[in-house]
Amino acid sequence: MPERQDYNTKARKYILDFLKERQDATVSAGDITDYLIQNGVRVNRATVYRYLNKLSSEKRLLKFTGKETRKSVYRLIDKKSNCGEHIHIKCVSCGKLMHLECGFMRDIKKHLSESHGFSLKCDGSILYGVCADCAKKENKGALNGEK
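Residues numbered from 1 in each chain as written. Predicted model: local features only at pLDDT ≥ 70, side-chain atom pairs only at ≥ 80, totals over all residues. Heavy atoms only, no water.

Caption draft 1: How the structure looks around the overall build of the protein. Across its full length, the protein holds five helices and five strands. A total of 147 residues make up the protein; the buried ones form 33% of that total. Only carbon and sulfur atoms are counted for the fraction: they give 50% of the accessible area of the protein, which is about 10500 Å². (Helix = DSSP H or I, 4+ residues; strand = E, 2+ residues; numbered from the N terminus. Buried < 20%, exposed > 50% of the residue type's maximum accessible area, 1.4 Å probe, protein only. Areas by Shrake-Rupley, 256 points an atom, 1.4 Å probe, with all protein chains shown as cover.)

Okay, here's the thing in structure tokens:
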């Protein structure tokens, strides 16, 4: 049986463009499908998932899956940083995803290894919280009597 040829389509180009434009945030397959529809690209959601899984298996895309919701979100891997070597932090308000590349995290990894015999795997790791910008907005809203 001949090997299936890999090909680029209009939908794949739009998906990559969408991921590149939102490289500081995570997106869902639904976000991508909505974007494609808004740009006149007709595509089956299964096609979007297949391409996302392909990019993920090629280590071009990070896939984060929530343990409780089992919903996955994706982020294009920044070629300049090794996303498998550090933890990510995500703002629950705006969706911004940031690399946590600081000595503190290296110290934690070292401590876990040396003191607990535990090797921390950072692929797909994410801590949730509120970024400084959103915290400022929330505090400003609270001062103005908003909820």
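Alright, that's what it looks like, and here's the rest.
Caption draft 2: Local environment of the sheet that holds strand 5 (residues 126–129). If you trace the three strands from one edge of the open sheet to the other, you get 4-3-5, paired in mixed fashion. In this open sheet, the two strands that pair with only one neighbour each are strand 4 (97–100) and strand 5. Averaged over all pairs of adjacent strands, the angle between their axes in this sheet comes to 30 degrees, without regard to strand direction. Of the pairings in the sheet, the one linking strand 3 (residues 87–91) to strand 5 comprises four bridges and is parallel in character. Looking at the pairing, histidine 88 lines up with isoleucine 126 of strand 5. (Pairing = 2+ DSSP bridges. Axes fitted to C-alpha atoms, helices over the stretch in contact; angles between N-to-C directions.)

Caption draft 3: Focus on the pairing of strand 2 (residues 72–76). Among the five residues that make up strand 2, five are buried, leaving the element largely enclosed by the rest of the structure. The two faces of strand 2 match: Ser72, Tyr74 and Leu76 on one face and Val73 and Arg75 on the other face are all buried. Of the strand pairs in this sheet, strand 1 (residues 61–65) and strand 2 are connected by five bridges, and their pairing is antiparallel. Within the sheet, the bridge partner assigned to phenylalanine 64 lies in strand 2 and is valine 73.

Caption draft 4: Seen up close, helix 2 (residues 29–38). Within the sequence span of helix 2, burial applies to Ala29, Gly30, Ile32, Thr33, Tyr35 and Leu36. The inward-facing, buried residues of helix 2 contact helix 1 (10–21), helix 3 (45–57) and strand 2. At the C-terminal side of helix 2, glycine 40 shows a positive phi close to 75 degrees. (Contact = heavy atoms within 4.5 Å.)

Caption draft 5: Representation of unusual backbone geometry in the model. Even without being glycine, lysine 59 reaches a positive phi, approximately 60 degrees. Its location among the elements puts lysine 59 in the loop between helix 3 and strand 1.

Caption draft 6: Broad picture of a nonpolar patch on the surface. Together, Val92, Tyr128 and Val130 line one region of the surface with nonpolar side chains, adding up to about 310 Å² of accessible area. Turning to its location among the elements, tyrosine 128 is positioned in strand 5. (Patch = residues over 30% accessible without salt bridge, like charges linked within 9 Å, V, L, I, M, F, W, Y side chains within 5 Å. Salt bridge = Lys/Arg side-chain N within 4 Å of Asp/Glu carboxyl O.)

Caption draft 7: Region of the structure containing the pattern of salt bridges. Enumeration according to the criterion identifies four salt bridges in this entry. A salt bridge links lysine 13 to aspartate 17, with the nearest nitrogen and oxygen atoms 2.7 Å apart. One end of the pair is lysine 13 and the other is aspartate 17, both in helix 1 and four residues apart, which spans about a single turn. Glutamate 21 is paired through a salt bridge with arginine 22; the nearest N and O atoms lie 3.0 Å apart.

Caption draft 8: Structural detail: the packing of helix 1 against helix 2. Taken N-terminus to C-terminus, the directions of helix 1 and helix 2 make an angle of 120 degrees; their axes are 10 Å apart at the nearest point. Taken together, the axes of helix 1 and helix 2 are oblique relative to one another. The handedness of the crossing between helix 1 and helix 2 is right-handed. Facing Ala11, Tyr14, Ile15, Phe18, Leu19 and Glu21 of helix 1, the residues of helix 2 in contact are Asp31, Ile32, Tyr35 and Leu36. The class makeup of the residues in the contact of helix 1 with helix 2 is eight nonpolar, no polar and two charged. (Parallel < 35°, antiparallel > 145°, perpendicular 65-115°, else oblique. Left-handed = near helix turned anticlockwise from the far one by under 90°. Nonpolar A, V, L, I, M, F, W, Y, C, P; charged D, E, K, R; others polar.)

Don't take any of this as a statement about function, it's just geometry.
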